[in-house]
Amino acid sequence: MDREFIAERQKGLQNYLNVITTNHILSNCELVKKFLDPNNYSANYTEIALQQVSMFFRSEPKWEVVEPLKDIGWRIRKKYFLMKIKNQPKERLVLSWADLGPDKYLSDKDFQCLIKLLPSCLHPYIYRVTFATANESSALLIRMFNEKGTLKDLIYKAKPKDPFLKKYCNPKKIQGLELQQIKTYGRQILEVLKFLHDKGFPYGHLHASNVMLDGDTCRLLDLENSLLGLPSFYRSYFSQFRKINTLESVDVHCFGHLLYEMTYGRPPDSVPVDSFPPAPSMAVVAVLESTLSCEACKNGMPTVSRLLQMPLFSDVLLTTSEKPQFKIPTKLKEALRIAKECTEKRLMEEQKQIHQHRRLTRAQSHHGSEEERKKRKILARKKSKRSAVENSDEHPAKYSNSNNSVEHAPF
């Protein structure tokens, strides 16, 4: 085949892959990952999940699978099943199964104890866990199924049971929420983040699909993700910025993404954001600038307490009678603290590697630029001319010395 034709096709394929991999949702798609890295994504996780769930049902016969909920989430290694209780056949629940991630630093014993502790967590803005169990390699949790779906379903006007790509990748209509919804939902989410931070419980997994809507109340999902050591939905963003290096600052940065999506009905095209489109209020833009702007990403995130004091949220009145309750034994708190430090250390190491790679790429790009090549050619010519002049100066001198030696030579 013609070499030029092959080179043109390769260039076209590379451009196509660049477009896909720069799309945050598509780049996390299982088909894309299997195409780009078949060796690491060869396992059938649906089969693995079914095996684990089947083993669970042997010891818990009161539950029954209604149907698998295929690809409703973005994670390849997390699977969902619609459930029912045998003696309450009309009630629907959702079972989620996930295996361990790269940041699982808890011991098996502490991990299993903390997973089993999650149903005891009571908070007006945390979605209740009905049942939770774990073994040395995975965790299985059951929650009530919510027909209204998540905050992301509300923003994109999507059906909760549809696949993730279908729901969110190409929305028919882009429209943000009303200002009062943004204020109320934002305040509720910040309150629960502060609660978790005060408890020493790492979260790090805030995004619109992890916020369940229950009437006018937002309830946080998937507290188990940090215990499993799973990567955050926005990791590819905050791993670029060395000042976002704690799980608290990760939560604040992710809140910025969520607020942007609530405001504009879509995620930002890129981060950091240079300028923000018109918003329902300048108070919204002020919060977005503090979490997603170039300055914020370069200098660091505000605290959750600082965000709660900003005008957008400070005047929101929350009416709830439910008293938060989440008792974590001292020994497990210490285990969480150590695991959190290990997670943050790995993040900082990754950020350092990305920073070094960027510096090297910039240096190579600068060295290989047309302007630099011209400079090097000019320097090479000057050096060549200098050498030629020096050589011409040396030649007469040698000739003169040679003549002198001949004149004074004895005969």
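- Looking at an unreviewed UniProt entry, the chain carries the name PX domain-containing protein kinase-like protein isoform X12, with the source organism given as Carlito syrichta.

**As for the overall build of the chain**
Part 1 of the argument: Within the chain, the secondary structure is distributed over 17 helices and seven strands.
Part 2 of the argument: Taken over C-alpha atoms, the radius of gyration comes to 30 Å for the chain, far larger than the 22 Å a tight globule of 411 residues would show.
Part 3 of the argument: Projecting the C-alpha coordinates of the chain onto the three principal axes gives extents of approximately 130 × 50 × 50 Å.
Part 4 of the argument: Looking at the chain residue by residue over its 411 residues, the buried ones come to 44%.
Part 5 of the argument: Here the analysis covers contacts within the chain between residues at least 6 apart in sequence; of these, 66% occur between residues at least 24 apart.
Part 6 of the argument: Accessible area of the chain: about 23300 Å², with a carbon and sulfur share of 52%.

**A short note on the pattern of salt bridges**
Part 1 of the argument: By the definition in use, this model includes 21 salt bridges.
Part 2 of the argument: For Asp108, the salt bridge identified is with Lys104, shortest N-O distance 2.8 Å.
Part 3 of the argument: Among the residues examined, Asp108 registers a relative accessible area of 36% and is labelled partly exposed.
Part 4 of the argument: Between Lys340 and Glu248 there is a salt bridge, with the nearest N and O atoms lying 3.2 Å from each other. Residue Lys340 is located in helix H16 (residues 330–367), and its partner Glu248 is located in helix H11 (residues 247–264); the two are separated by 92 residues in the primary sequence.

**Description of the domain arrangement of the chain**
Part 1 of the argument: You can read the domains of the chain as domain 1 (1–42) and domain 2 (43–358).
Part 2 of the argument: Computed over C-alpha atoms, the centres of domain 1 and domain 2 are 29 Å apart.
Part 3 of the argument: Taken together, the twelve residues of domain 1 in the interface contact 14 residues of domain 2.
Part 4 of the argument: Summed over both sides, the interface between domain 1 and domain 2 buries roughly 1100 Å², with carbon and sulfur atoms accounting for 64% of that surface.
Part 5 of the argument: A per-residue breakdown of the area domain 1 buries against domain 2 is headed by His24, Ile25 and Glu30, which together make up 53% of the total.
Part 6 of the argument: Across the domain 1-domain 2 interface, the total number found is zero salt bridges.
Part 7 of the argument: Counting the contacts that link domain 1 with domain 2 gives one residue pair in polar contact (both at pLDDT 80 or more).

**Here's the deal with H11**
Part 1 of the argument: For H11, built from 18 residues, the straight-helix expectation of 26 Å at 1.5 Å per residue is met to within 8% by its first-to-last C-alpha distance of 26 Å.
Part 2 of the argument: Across the 18 residues of H11, 17 count as buried, placing the element largely inside the fold.
Part 3 of the argument: One or two residues past the end of H11 sits Gly265, with phi positive at roughly 80°.

**Quick word on the pairing of strand E4 (residues 131–134)**
Part 1 of the argument: The pairing of E4 with strand E5 (residues 138–144) spans four bridges and is classified as antiparallel. Residue pairing for E5: Thr133 is matched across the bridge by Leu140.
Part 2 of the argument: The turn joining E4 and E5, which pair antiparallel and follow one another in sequence, is formed by three residues.

Criteria and cut-off values
- Residues numbered from 1 in each chain as written.
- Predicted model: local features only at pLDDT ≥ 70, side-chain atom pairs only at ≥ 80, totals over all residues.
- Heavy atoms only, no water.
- Helix = DSSP H or I, 4+ residues; strand = E, 2+ residues; numbered from the N terminus.
- Rg over C-alpha atoms; globule rule 2.2 N^0.38 Å.
- Buried < 20%, exposed > 50% of the residue type's maximum accessible area, 1.4 Å probe, protein only.
- Contact = heavy atoms within 4.5 Å.
- Areas by Shrake-Rupley, 256 points an atom, 1.4 Å probe, with all protein chains shown as cover.
- Salt bridge = Lys/Arg side-chain N within 4 Å of Asp/Glu carboxyl O.
- Domains from an automatic or database assignment.
- Buried area = accessible area lost by both parts, 1.4 Å probe.
- Polar contact = N/O pair within 3.5 Å; in protein donor to acceptor, adjacent residues only side chain to side chain.
- Expected span 1.5 Å × (residues − 1).
- Pairing = 2+ DSSP bridges.

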